[in-house]
Amino acid sequence: MNNNINTILRYSIIIGLAIIPFIPLYVANPLFFPFITGKAFAFRIIVEIIFALWLVLLLRERGTSYSGSDKSVAPRINSLTISITIFTLITLVADLMGLNPLRSIWSNFERMEGWLTIVHLWAYFLVLSSVFGAGEYAKINWQRFFNVVLFAGSIVAIYGLFQFLGLAAIHQGSSRVDASLGNSAYMAVFMLINAFIAGFMAINALKSPKVWVYVFLSDFFSFIMFQTATRGTILGWTAAILISCFIYAVFGRINKGQSNKSRIVTGGIIVMMIILGILFYFNKDAEWIKNNGVLGRIATISISDTKTQARGFIWPMAIKGVFESPKTSIIGIGQENFNYIFNQNYDPLMWKHEQWFDRAHSVFLDWLVAGGILGLLSYLSLYIISIIYIIKSDLTIGEKSILMGLIAGYGIHNIFVFDNQTSYIMFFTFLAYMHLLRSGKINKAFLNPERELSENYITIRDYIYTPIIVVLAISSLYFINIRPVQANKAVVSNLLACQSGQGLTVKNTEKVFKLNQTVANQEALEQLFNCVSGIMRGGESPQKKSEFYALINKEIEKQINTTPNDARIYIISGGFYDSIGEYAKALVYLEKARELSPKKQTIAFELALNYINSGKKKEAMELTEKTYLLAPENDTAKVAYIISLISNNQESRIKELLKDDNETIYDPRIINAYIVNKQYSKAIELYNKLLIKNPEDENIYSALASVYLMDKQEYMSIQTLKIASGKFPLLKNQIDTIIKQIQEGKFNQ
């Protein structure tokens, strides 16, 4: 009976492990961020179940023939096990001591990382590196598991092929395939790792016809990877191939099973790739390269280009931010907190880029930020120990070269991109295999082969330890997964209700906040802002407006108490109050946002608008001038400055500002500012000039006629509309009706 239960437990764990490679295929469409959240919850649920089953099996294995054998599921602790455990603990300490411990632990729906992901990866590593056993038994299990991994990867790759052929939609709306991962960069690294696993399996199957299946898969994965046009990953793949070939060509020896012919071939591949690289470099401006989506992106790679890209700004920010104090230098600021560094050290020259970076877009810098020097070193140790294990293993030089290439390719990819659920799973799968190369010894506490167990041990095992494990597992499933899933669905429900107007009540809306899930609260609040703004400005009943107003006030204060130094919540809150005309209340939040991120133009723009609406026109002018001078090439900053000058009747300064610029003055926002400031003659002048430039634009005629009416020039308004009526016959009836209304005095502006 005992053996039957153990067998069921063992195979249940193996089935759970076999499902994990298929997680990249799962897209949870009913959830918010369906490409991210579904995969994360699926991984966590499976890991929590198999980890609990593994612990129970570990307790039950004592006294059986498996105990202490190669088939034992007991952990074989080695330096890699210790390093991953240290990495997990350092991350926990960094998160607890960081700027926002709750967010560091739980993350958010967009990323679904945080310490919860790290500890689940640690548990996954322990189970995977233990259940497959040791010795030849483990090698057979790993061969089977890698086949499952490649099968799952093949399905994802076929999906990508369908996208490439135009038979399936690309979710990002570009030509860069993303399959079920929803992001081309995520797809790229997934294909990269699969390509090298397939290459490794090909080396293992050299004497079998299956070798050609693995070679085909490796090439297929590589081809799909290229169709993601992810430059960092393509660089990683190229370097990985060169490194693999170099190791094989230089260190391969006949007495180790390698022929001189195969070494010459790999050397030839290196030479060929170098020649192709040189030819590509000198032809990168050729039309046939520029017109190819993949080659065109590769051709844009350059060191100088980095300075104008987002990474050229945020990498220095990350380094500066983490070394601002001895504490953060050593232990970092915790996961999910890069936004604090980004906001505080924002460079105004980033106005062309994303305004709310939450990652440094480099895995290594992300870990430096999250865990300081200790966090980065503990992460790097996973690579270093893996390399040492490969070098000291009894693998063939071919196998070693492929695995070394995989590490190099993944590492180079990580210089330019941040990790995600799928790449984390693949990396920790790789680490679990590395563990096999130098498997440690089973701790004495787990050794008791074929000895009769005392009744006391069996009683404690079955009635104390096992129930505790079950209760903890159920609690984990509920609080870490079920409750957040409920909150996620509530966010989606609120969003749909807001869009449709059906079921939009405070009672339904506040369900997500009553669940009080850190992973959901800020996202739920941000989605609520637009909805409540519409309610407050719409025709809803006073009671409904009052209820929603009270709800959002309460949730804003709760979120600010949770994240008191996050500029994002202040700017969004200020923007909300501005939108409903509560300028005094908005001002408090907007000024706090500017204090937390003094150089971010988008915050300054919202604050300047608030100043203008509050009658503080001089303050708006001074603020927009400072903002404009931070990056004069920012057209939006120039327009904002001109608008504030208009509100202060500073026409001479506008002329001076635009003396070499003949186009900006026609910006619709500027013309509208003249209208708002009741400088109708200036608006009329600009619209007339626009008509000369664009005589076939019916919208200009309409706008000009409206301004004439505002300026009490009914005759000119009618004449303008008559000209439009003659130029646009399809609009004649509509225009004639408007003319009649103006003549009868019924047209109200």
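The preceding data block contains the structure.
Below: a short report on this structure. Worth saying up front: this structure is predicted, and the values here are computed from it rather than measured. (Residues numbered from 1 in each chain as written. Predicted model: local features only at pLDDT ≥ 70, side-chain atom pairs only at ≥ 80, totals over all residues. Heavy atoms only, no water.)

1. Things to note about the overall build of the protein chain
Right, on to step 1. The helix and strand inventory of the protein chain stands at 35 helices and zero strands.
Right, on to step 2. The dimensions of the protein chain, computed from C-alpha atoms along their principal axes, are 105 × 65 × 55 Å.
Right, on to step 3. Residues counted as buried form 54% of the 749 residues belonging to the protein chain.
Right, on to step 4. Look at the contacts in the protein chain between residues 6 or more apart in sequence, and 70% of them connect residues 24 or more apart.
Right, on to step 5. A gap of 6 Å separates the mean positions of the 70 positive and 57 negative side-chain charges of the protein chain. (Helix = DSSP H or I, 4+ residues; strand = E, 2+ residues; numbered from the N terminus. Buried < 20%, exposed > 50% of the residue type's maximum accessible area, 1.4 Å probe, protein only. Contact = heavy atoms within 4.5 Å. Lys, Arg positive; Asp, Glu negative; His and termini not counted. Charge placed at Lys NZ, Arg CZ, Asp CG, Glu CD.)

2. Things to note about the state of the cysteines
Right, on to step 1. Counted under the stated rule, the structure contains one disulfide.
Right, on to step 2. Shown here is the disulfide that connects Cys-498 with Cys-531, its sulfur atoms set 2.4 Å apart. As the torsion about the S-S bond is roughly 125 degrees, the Cys-498-Cys-531 disulfide counts as right-handed. With a gap of 33 residues between them, Cys-498 in helix H20 (residues 455-500) and Cys-531 in helix H23 (residues 518-537) connect regions that are remote in the sequence.
Right, on to step 3. Take Cys-498: its relative accessible area is 28%, and that puts it in the partly exposed class.
Right, on to step 4. The buried category is assigned to Cys-531, whose relative accessible area is 5%. (Disulfide = S-S within 2.5 Å.)

3. A few points about the pattern of salt bridges
Right, on to step 1. Applying the stated criterion across every chain yields a total of 24 salt bridges.
Right, on to step 2. Where Arg-103 meets Asp-566, a salt bridge forms, and the shortest distance between an N and an O atom there is 3.4 Å. With a gap of 463 residues between them, Arg-103 in helix H4 (residues 101-106) and Asp-566 in the loop between helix H24 (542-562) and helix H25 (567-579) connect regions that are remote in the sequence. The pair Arg-103 / Asp-566 is uniform in exposure class, with both members buried.
Right, on to step 3. A salt bridge links Arg-359 to Asp-358; the nearest nitrogen and oxygen atoms lie 3.8 Å apart. (Salt bridge = Lys/Arg side-chain N within 4 Å of Asp/Glu carboxyl O.)

4. Focus on the packing of helix H8 (residues 211-226) against helix H9 (residues 231-251)
Right, on to step 1. Remark: H8 packs on H9, axes separated minimally by 10 Å, with the N-to-C direction vectors making an angle of 145 degrees. Residue-level inspection shows Ser-222, Met-225 and Phe-226 of H8 in contact with H9, the latter providing Thr-233, Ile-234 and Trp-237.
Right, on to step 2. In the contact of H8 with H9, the residues fall into four nonpolar, two polar and no charged. (Axes fitted to C-alpha atoms, helices over the stretch in contact; angles between N-to-C directions. Nonpolar A, V, L, I, M, F, W, Y, C, P; charged D, E, K, R; others polar.)

5. A word on helix H35 (residues 732-743)
Right, on to step 1. An ideal rise of 1.5 Å per residue puts 16 Å on twelve residues; H35 measures up with 16 Å between its terminal C-alpha atoms.
Right, on to step 2. Within H35 the residues assigned to the buried category are Ile-735, Ile-739 and Ile-742. Down the axis of H35, the buried side of the element spans an arc of 60 degrees, and every buried residue falls inside it. Relative to its buried face, H35 has exposed residues pointing more than 90 degrees away, namely Asn-733 and Gln-734.
Right, on to step 3. Structurally, H35 contributes buried residues whose contacts are with helix H33 (698-710) and helix H34 (714-727).
Right, on to step 4. Phi turns positive, to about 75 degrees, at Gly-745, one or two residues after H35. (Expected span 1.5 Å × (residues − 1). Arc of directions from axis to C-beta.)

6. Section: the packing of aromatic side chains
Right, on to step 1. On inspection of all chains with the given rule, the structure shows 42 aromatic pairs.
Right, on to step 2. Taken together, a centroid distance of 4.8 Å and an interplanar angle of 70 degrees make the contact between Phe-87 and Trp-367 edge-to-face. Residue Phe-87 is found in helix H3 (residues 79-96), and its partner Trp-367 is found in helix H17 (residues 363-392); the two are separated by 280 residues along the sequence.
Right, on to step 3. Phe-87 sits in the buried class, given a relative accessible area of 1%.
Right, on to step 4. Assessed through its relative accessible area of 4%, Trp-367 is described here as buried.
Right, on to step 5. Taking 4.9 Å as the distance between ring centres and 80 degrees as the angle between the ring planes, the aromatic pair formed by Tyr-478 and Phe-479 counts as edge-to-face.
Right, on to step 6. Three or more aromatic residues joined by ring pairs make a cluster, and in this case those are Phe-87, Phe-364, Trp-367, Tyr-379, Tyr-383, Tyr-410, Phe-427 and Phe-428.
Right, on to step 7. Above the ring of Trp-356, the side-chain terminus of Arg-568 is found at 5.3 Å from the ring centroid.
Right, on to step 8. Seen from the ring of Trp-356, Lys-600 lies directly overhead, with NZ or CZ sitting 3.6 Å from the centre. (Phe/Tyr/Trp six-rings, centres within 6.5 Å; stacked < 30°, edge-to-face > 60°. Lys NZ or Arg CZ within 6 Å of the ring centre and 35° of its normal.)

7. A short note on helix H18 (residues 397-416)
Right, on to step 1. Between its terminal C-alpha atoms H18 stretches 29 Å, which fits the 28 Å expected from 20 residues at 1.5 Å a residue.
Right, on to step 2. Across the 20 residues that make up H18, a large majority, 17, are buried.

8. Looking at the side chain of Lys-600
Right, on to step 1. Tracing the backbone shows Lys-600 in the loop between helix H26 (583-596) and helix H27 (601-613).
Right, on to step 2. It turns out Lys-600 is buried and unbridged, and the closest side chain with the opposite charge, Glu-354, is 7.6 Å from it.
Right, on to step 3. In terms of polar contacts, Lys-600 uses its side chain to reach the side chain of Asn-343, at 2.8 Å.
Right, on to step 4. Leave out the neighbours within four places in its chain, and Lys-600 touches Phe-342, Asn-343, Tyr-346, Gln-355 and Trp-356. (Polar contact = N/O pair within 3.5 Å; in protein donor to acceptor, adjacent residues only side chain to side chain.)

9. Remarks on the environment of Ile-480
Right, on to step 1. Checked against the element boundaries, Ile-480 lands in helix H20.
Right, on to step 2. For Ile-480, the contacting residues outside a window of four places in its chain are Phe-41, Arg-44, Glu-48, Trp-106, Leu-116, His-120 and Ser-475.

10. Observations concerning the nonpolar core
Note that soluble globular proteins tend to have their nonpolar side chains buried in a common cluster.
Right, on to step 1. The biggest cluster of nonpolar side chains holds 194 residues, and the ones touching the most others in it are Leu-17, Tyr-124, Tyr-379, Phe-428 and Tyr-433.
Right, on to step 2. Once residues within four sequence positions are removed from consideration, Phe-428 is found in contact with Ile-84, Phe-87, Leu-121, Tyr-124 and Phe-125.
Right, on to step 3. The next biggest cluster of nonpolar side chains, apart from the first, holds 42 residues, and it includes Tyr-628, Ala-683, Tyr-701 and Ile-742. (Core = buried A, V, L, I, M, F, W, Y, C linked by side-chain atoms within 4.5 Å.)

11. Description of the environment of Leu-53
Right, on to step 1. With respect to the secondary-structure elements, Leu-53 resides in helix H2 (residues 34-61).
Right, on to step 2. Measuring from C-alpha to C-alpha, the distance between Leu-53 and Thr-563 comes to 38 Å, with 510 residues separating the pair along the chain.
Right, on to step 3. Among residues more than four places away in sequence, those in contact with Leu-53 are Leu-9, Ser-12 and Ile-13.

12. Details of unusual backbone geometry
Right, on to step 1. One non-glycine residue, Lys-678, adopts positive backbone phi at about 60 degrees.
Right, on to step 2. Looking at the element boundaries, Lys-678 is found in the loop between helix H31 (668-676) and helix H32 (680-693).
Right, on to step 3. One non-glycine residue, Lys-712, adopts positive backbone phi at about 60 degrees.
Right, on to step 4. Within the secondary structure layout, Lys-712 lies in the loop between H33 and H34.

13. Side note on the side chain of Thr-720
Right, on to step 1. Relative to the helices and strands, Thr-720 is located in helix H34.
Right, on to step 2. In this view, Thr-720 contacts Tyr-701, Leu-704, Ala-705 and Tyr-708; residues no more than four positions away in its chain are not counted.

14. Quick word on the environment of Asn-420
Right, on to step 1. Relative to the assigned elements, Asn-420 resides in the loop between H18 and helix H19 (421-437).
Right, on to step 2. Note on Asn-420: relative accessible area 5%, which makes it buried.
Right, on to step 3. Sequence separation of Asn-420 and Phe-223 is 197 residues, and the distance between their C-alpha atoms is 21 Å.
Right, on to step 4. Sequence-distant contacts of Asn-420, defined by excluding residues within four places in its chain, comprise Glu-113, Tyr-186 and Val-189.

15. As for a nonpolar patch on the surface
Right, on to step 1. On the surface, Ile-158, Phe-162, Phe-164, Leu-165, Leu-167 and Phe-223 cluster together to form a nonpolar patch covering roughly 580 Å² of accessible area.
Right, on to step 2. Broken down by element, the residue count for the nonpolar patch peaks at three residues, all from helix H6 (residues 135-164).
Right, on to step 3. Structurally, Phe-162 can be placed in helix H6.
Right, on to step 4. The exposure class assigned to Phe-162 is partly exposed, which follows from its relative accessible area of 39%. (Patch = residues over 30% accessible without salt bridge, like charges linked within 9 Å, V, L, I, M, F, W, Y side chains within 5 Å. Areas by Shrake-Rupley, 256 points an atom, 1.4 Å probe, with all protein chains shown as cover.)

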